[in-house]
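# Commentary on secondary and tertiary structure
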Protein chains: 2
Amino acid sequence: MHDLTRELWLKNDSKIVLLVADGLGGLPLEPGGLTELETARTPHLDALAKRGVSGGSIPVKPGITPGSGPGHLGLFGYDPLKYQIGRGALEATGIGFELGQHDVACRGNYCALDGEGRISDRRAGRISSEESAPLARLLAQVAIAGVEVFVEPVKEHRFVVVFRAAGLGDHVHDTDPQKTGVPPLDPRPADPADTAGAKTAEIAREFVAQARKLLAGQPKANGLTLRGFSARPHLPSYEEVYGLRAAAIAVYPMYKGLARLVGMELVGKARTLSEQIDVLEQRWNDYDFFFIHFKYTDSTGEDGNFQAKVARIEEFDAVLPRIAALEPAVLIVTGDHSTPSLLKSHSWHPVPTLLVSACCRSDECQAFGERDAVRGGLGQFEAKYLMPLALANAGRLGKFGA
Amino acid sequence: MHDLTRELWLKNDSKIVLLVADGLGGLPLEPGGLTELETARTPHLDALAKRGVSGGSIPVKPGITPGSGPGHLGLFGYDPLKYQIGRGALEATGIGFELGQHDVACRGNYCALDGEGRISDRRAGRISSEESAPLARLLAQVAIAGVEVFVEPVKEHRFVVVFRAAGLGDHVHDTDPQKTGVPPLDPRPADPADTAGAKTAEIAREFVAQARKLLAGQPKANGLTLRGFSARPHLPSYEEVYGLRAAAIAVYPMYKGLARLVGMELVGKARTLSEQIDVLEQRWNDYDFFFIHFKYTDSTGEDGNFQAKVARIEEFDAVLPRIAALEPAVLIVTGDHSTPSLLKSHSWHPVPTLLVSACCRSDECQAFGERDAVRGGLGQFEAKYLMPLALANAGRLGKFGA
C-alpha cells in the first residue's frame, strides 16, 4: 500500500485525528450479553456513529492476537507482517529509549541459578520492580572496551540492555533455554559467517560474564538471560508515505516510541486524557495528523475488570465533543486490538472502528458497538487499510491510473 | 487468481453478462440522505436484488480511487496493481488506436512557449478540440527514416503519438517539466544502457525538433511535451484465463480498447444503450460472455449533476427486462468505481454490485443501493474476485484439489 500512497498523496489543509482507545473491543460476560462498549453510556460516540461509517478492524489477520507493536503498526498503516520489530527494540521503545543506528537492544530477564549454574526459576520468583530496579544500576557498571552499554529497568524481572558500537549485527540467538534445570545458553550468532552478529555475540558474552559476577550475591536474581537481539527498525516516515506532518499525543512510553518509529513528533507532556486534548487544541495548527492514545481501556481489560473498562470508555466518550469542536476533516475512533475483560488479555476480535468525514458515505449504524460496527459500511477490514481510507476521506490521495 | 482459473475453467453452454454502469456508486448530497442510486426509481434492479446476491466492490484497495483503466481491469479480473497500463498506451487505447507489438505510444500535450523557448502555459490555454484537431494533421507530416509515426488528436490540448519500428523500448522519461518558466525536457532513456529506450528517445527527439518547426507560427500552441511512453501491455486473454469467448458491446473508444486488451471481440456499432441491447440480442448465440458498458452514470457524476445521474440510472434500469429475457446463467450489475456527484470525480467508495444466478445464495437485500449492497451476501470484496464468482455461478469452474 505504501508504494501506492507514496505516489498518490496530495497536500491540503485538512486535519486528520486518529483516536486510539487501546484494547477497545470486548466480549460480553455471558453469551448474548453486552460487551463493555455496548454497556457503556456513550452518547457522543453514538452520535458520531450515526454521522459516520463504522466497521470492524482486524489488527493483523483473522484469529491473530497482536501485541502493542503490531497492533499500532497496523493502525499506522504499516503491514505488521512485513514490519516486525524485534523484542529488544520494542522493549527499548516501550521504556522511551530511542535507539540509534549503531545500537542493538535485547530484552533481559533476571533468573535464579542453582549452585551448579542451572536455572531454577526463569523469572527470579517474579521479583518486584522495587527489588529489580537497583539491579539495573548494578549492571550498568559493566564496562566493555569500545562499547557503550545501557541497562534500563523494565517491570519486575525484566530489563533492557543496549549495546552501542559500530559494526554490530542483531542476528544473535536468545540465551534463554525456555526451561529450568539447565544453564543459560551462551550468546551465539545465528550465522557464524556473519561478522556483525559474531561481534554482538562476543560483546553479549562479555556482558553476561561481568553481570554474573555483579549479581553473584543476590538472593533471588543471581543470573540473567537475553532475548530478542534487535537493531533499530527502519520504517518509512509518515511524511514520506503519506505526506503528513504527524504529531503523537501519548502518555505511555511504548506508544510514544512506536509513534517516533514512523516519524511522528511527540508533542506535549500530558498525563491525562483531558491534558492530551489540551495539547491537541494548542498544537492544532502545527500538524496535519494527530495520533491520540488512551491506555486505560486496555489495562482495565487486562485486569479483567468489566465495570472499570465500562467507566474508562465513558471517560473516553466524554472528551469527544472537544475533539469534534475542532472540526477535523477526518476523525477516526478505533483500538489497536480488543482486550475483553472476560479473557484478561489482548484478543483477535475485530475492533469497533468509526470514521467520520463529509464524504464517508455513512451507514445505518445508530450506535458505536461491536455488533453494529461489523455490519457497518466499512465492513471488516485489515487495520493497515485505515490510513489510506483516512487520506482518501481527507482529499489527500490522487487517482490511481488514468 | 488467474493461475487458479486457468487450471480450473470448464466449458459449458452458459451465458454470462457483465453490465457495467460506469461510476455507478455515489454519495448523498446531505449527510444521512440518499445516494443517486438510492434516489433513482429502479424497479428492475430492485427485483434483481431480491433474487440475487449483493455486495460492495472495492475497485483496487480500500481508499484507492482508480482511473478507468485500473477500474475496468479489476472488473475483468486482472489485478490492477499487477497490470499497470502506461498513460500513452491507455490514451491510444482510449481513442481506439490498436497498438501493435512494435509500437510505443505517448501522450502529447500542446503547450505555449515564450520567445526563449520556455513554457508559458503547459496546456496551451486549454485550446479547444476544434482548434487542436488540425494541429495533429500538421504534426502527421513529421517524417523519420525507418519509423512509422502516427499523430492522433484527443480532447483539447491532448494528442497521442505512436512510433512504430522494430527494437523500440518504452523506458523513456517524460519531457514535461511539470512547471512553467523552463523549456520542455529533452527525451531521455530512463537507463542510458538500454538501447531500446535510447532508440525511442532518439526518435522522440527528432519528432520534437520537426514538430517545433511545424508549430512555429501557431498563436497558442507553438510547443509540445510528451509523457507516459509505453508499449502495448501484455495481458492474458479471456479465452486463456477463463475459457470464455467474450464480446464487448461498448460505445466509447476507451472501453472498447480496454476490452480488446484482454482479448474480447468488439461487436456491433451501437451508439445508445438500447442499440447495445439490440446487439446483445443479435449476437447472443455467438459468445459465452458479454461486457456491456454504460458511460453516462459516470459523466453525469463528473459533472456534479445529481439529478441527471439519477435519470441515467433510471434509463439504465429500464433496459434490464430485455437482458433478463435472454435468461443469462449469470447476470452481474456493477460499476468500475464510484463517481459521486458530490465530489464531481471518481472515488474510492465500494461500488454496489449485484450477481444473479440460479445458485447465487440470495441474501436479504430488497433493493439495489449502496447501503444495502455492502451488507449483502457478497460482503465487501476486491473487484478482481468478481470474475471467478461469475465463472463459479455459471458452473464454469472445476474443483481445486482433490
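Above: the structure in question.
Residues numbered from 1 in each chain as written. Chains lettered and ligands numbered in written order. Predicted model: local features only at pLDDT ≥ 70, side-chain atom pairs only at ≥ 80, totals over all residues. Heavy atoms only, no water.

### Thoughts on helix H15 (residues 386-393) of chain B
Most of H15 of chain B is tucked away: six of the eight residues are buried. Taken together, the buried positions of H15 of chain B are Leu-386, Met-387, Pro-388, Ala-390, Leu-391 and Asn-393 of chain B. (Buried < 20%, exposed > 50% of the residue type's maximum accessible area, 1.4 Å probe, protein only. Helix = DSSP H or I, 4+ residues; strand = E, 2+ residues; numbered from the N terminus.)

### Regarding the relation of the copies chain B and chain A
Overlaying chain B with chain A gives an RMSD of 0.2 Å, the required rotation being 126 degrees about an axis along which the chain moves by 0.3 Å. Overall, the copies show the geometry of a three-fold rotation axis. Of the C-alpha atoms belonging to chain B, the one lying closest to the rotation axis is found on Arg-375 of chain B, 3.6 Å away. When the interface residues of chain B are mapped onto chain A, a mere 3% of them again lie at the interface, so each copy presents a different face. (Least-squares fit on C-alpha atoms with pLDDT ≥ 70 in both. Contact = heavy atoms within 4.5 Å.)

### Quick word on the packing of helix H6 (residues 129-139) of chain A against helix H7 (residues 195-215) of chain A
All names here are of chain A. Taken N-terminus to C-terminus, the directions of H6 and H7 make an angle of 125 degrees; their axes are 10 Å apart at the nearest point. One element, H6, and the other, H7, form an angle in the oblique class. The hand of the H6/H7 crossing is right-handed. Residues Leu-135, Leu-138 and Leu-139 of H6 touch H7, and the partners they reach there are Phe-207, Ala-211, Leu-214 and Leu-215. A per-class count over the contact of H6 with H7 returns seven nonpolar, no polar and no charged. (Axes fitted to C-alpha atoms, helices over the stretch in contact; angles between N-to-C directions. Parallel < 35°, antiparallel > 145°, perpendicular 65-115°, else oblique. Left-handed = near helix turned anticlockwise from the far one by under 90°. Nonpolar A, V, L, I, M, F, W, Y, C, P; charged D, E, K, R; others polar.)

### Here we look at the sheet that holds strand E10 (residues 289-294) of chain A
Residue and element names in this part refer to chain A. Read from one edge to the other, the open sheet built from eight strands follows the order E9-E8-E10-E1-E11-E12-E2-E13, with strand pairing classed as mixed. Single-partner strands in this sheet number two, and they are strand E9 (265-266) and strand E13 (379-382). Note that strand E11 (residues 330-334) and strand E12 (residues 351-356) share three bridges and pair antiparallel. Note that in E12 the partner of Val-333 across the bridge is Leu-354. Across the sheet, helix H10 (residues 273-282) is in contact with strand E8 (246-249) and E10; its angle to E10 comes to roughly 175 degrees. Across the face of the sheet, helix H12 (residues 306-318) comes into contact with strand E1 (16-21), E10 and E11 while running at roughly 150 degrees to E10. (Pairing = 2+ DSSP bridges.)

### Observations concerning helix H9 (residues 253-261) of chain A
When H9 of chain A is considered as a whole, its buried residues turn out to be Met-254, Tyr-255, Gly-257, Leu-258, Ala-259 and Leu-261 of chain A. On the buried face of H9 of chain A, the contacting elements are helix H4 (68-75), helix H5 (87-94), E8, E9 and E10 of chain A.

### Things to note about the side chain of Arg-361 of chain A
Relative to the elements of secondary structure, Arg-361 of chain A occurs in the loop between E12 and helix H14 (370-374). Despite its burial, Arg-361 of chain A remains without a salt bridge, the nearest opposite charge being carried by Glu-370 of chain B at 4.2 Å. Looking at Arg-361 of chain A, its side chain comes within polar contact range of the side chain of Ser-338 of chain B, at 3.3 Å. Within the structure, Arg-361 of chain A has its side chain in polar contact with the backbone oxygen of Pro-350 of chain B (distance 2.7 Å). Excluding its chain neighbours within four sequence positions, the residues that come into contact with Arg-361 of chain A are Val-53 of chain A together with Gly-25, Gly-26, Leu-27, Ser-338, His-349, Pro-350 and Glu-370 of chain B. (Lys, Arg positive; Asp, Glu negative; His and termini not counted. Salt bridge = Lys/Arg side-chain N within 4 Å of Asp/Glu carboxyl O. Polar contact = N/O pair within 3.5 Å; in protein donor to acceptor, adjacent residues only side chain to side chain.)

### Comments concerning the sheet that holds strand E13 (residues 379-382) of chain B
Hydrogen bonds between backbone atoms are what pair the strands of a sheet, whose relative direction is either parallel or antiparallel. Residues and elements named next belong to chain B. In space, the eight strands of this open sheet follow the order E9-E8-E10-E1-E11-E12-E2-E13, with mixed pairing throughout. Edge positions in the open sheet fall to strand E9 (265-266) and E13, since each of these has one partner strand only. Direction of pairing for strand E1 (residues 16-21) relative to strand E11 (residues 330-334): parallel, over a ladder of five bridges. From the neighbouring strand, Val-17 faces E11, where its bridge partner is Leu-331. On top of the sheet, helix H4 (residues 68-75) reaches E1, strand E10 (289-294) and E11; it is set at about 155 degrees to E1, its chief contact.

### Brief notes about the interface of chain B and chain A
The interface of chain B with chain A comprises 31 residues on the first partner and 26 residues on the second. Taken together, the connections running from chain B to chain A amount to eight residue pairs in polar contact (both at pLDDT 80 or more). Counting residues per element, the ones that place at least two in the side of chain B that touches chain A are H4 and helix H14 (370-373) of chain B. If one sorts the elements of the side of chain B that touches chain A by residue count, H4 of chain B sits on top with three residues. Here the side of chain B that touches chain A is composed, by residue class, of 14 nonpolar, 13 polar and four charged.

### Re the pattern of salt bridges
Summed over the entire model, instances satisfying the criterion amount to 52 salt bridges over all chains. For Lys-384 of chain B, the salt bridge is made with Asp-79 of chain B, and the minimal N-O distance between the two is 3.5 Å. A residue pair is termed long-range when its members are at least 10 positions apart, and Lys-384 of chain B in the loop between E13 and H15 and Asp-79 of chain B in the loop between H4 and helix H5 (87-94) qualify at 305 residues. Between Lys-295 of chain B and Asp-298 of chain B there is a salt bridge whose closest N-O contact spans 3.2 Å. Pair check on accessibility: Lys-295 of chain B and Asp-298 of chain B agree, each one buried. Residues joined in a network through salt bridges with shared partners are Lys-61, Asp-79, Glu-382 and Lys-384 of chain A.

### A look at the nonpolar core
The nonpolar side chains of a soluble globular protein tend to be buried, and buried together. By size, the foremost hydrophobic cluster in this structure holds 59 residues, and its most contacted members are Phe-76, Tyr-78, Tyr-238, Met-264, Phe-289 and Phe-291 of chain A. It is helix H15 (residues 386-393) of chain A that contributes the most residues to this core, six residues altogether. Beyond its immediate chain neighbours, meaning those up to four positions away, Met-264 of chain A contacts Phe-76, Tyr-238, Ala-246, Ala-247, Ala-248, Ala-259, Phe-289 and Phe-291 of chain A. Counting residues in hydrophobic clusters, the runner-up holds 48 residues, among them Leu-90, Leu-99, Ile-332 and Cys-360 of chain B. (Core = buried A, V, L, I, M, F, W, Y, C linked by side-chain atoms within 4.5 Å.)

### A word on the packing of helix H3 (residues 43-51) of chain B against helix H12 (residues 306-318) of chain B
Interaxial distance between H3 of chain B and H12 of chain B falls to 7 Å at its minimum, and their mutual angle equals 65 degrees. Counted together, Pro-43, His-44 and Leu-45 of chain B of H3 of chain B and Phe-316, Asp-317 and Ala-318 of chain B of H12 of chain B form the full contact between these two elements.

### Side note on the packing of aromatic side chains
All told, the structure shown has 30 aromatic pairs over all chains when counted by the stated rule. Measuring from centroid to centroid gives 6.3 Å for Phe-76 of chain B and Tyr-238 of chain B, while their planes differ by 90 degrees, and the two rings are edge-to-face. Taken as a pair, Phe-76 of chain B in the loop between H4 and H5 and Tyr-238 of chain B in helix H8 (residues 238-242) lie far apart in primary sequence, 162 residues in all. Accessibility assignment for this pair places Phe-76 of chain B and Tyr-238 of chain B in one class, buried. Ring centres of Tyr-78 of chain B and Tyr-238 of chain B lie 6.3 Å apart, and the angle between their planes is 15 degrees; on these two criteria the pair is classed as stacked. Of this pair, Tyr-78 of chain B sits in the loop between H4 and H5 while Tyr-238 of chain B sits in helix H8, and the two are 160 residues apart along the sequence. Tyr-238 of chain B matches Tyr-78 of chain B in its accessibility class, with the two residues each being buried. The structure contains a cluster of three or more aromatic residues connected by ring pairs, namely Phe-76, Tyr-78, Tyr-83, Tyr-238, Tyr-242, Phe-289 and Phe-291 of chain A. Sitting over the face of the ring of Tyr-252 of chain A, Lys-295 of chain A holds its NZ or CZ atom 6.0 Å from the ring centroid. (Phe/Tyr/Trp six-rings, centres within 6.5 Å; stacked < 30°, edge-to-face > 60°. Lys NZ or Arg CZ within 6 Å of the ring centre and 35° of its normal.)

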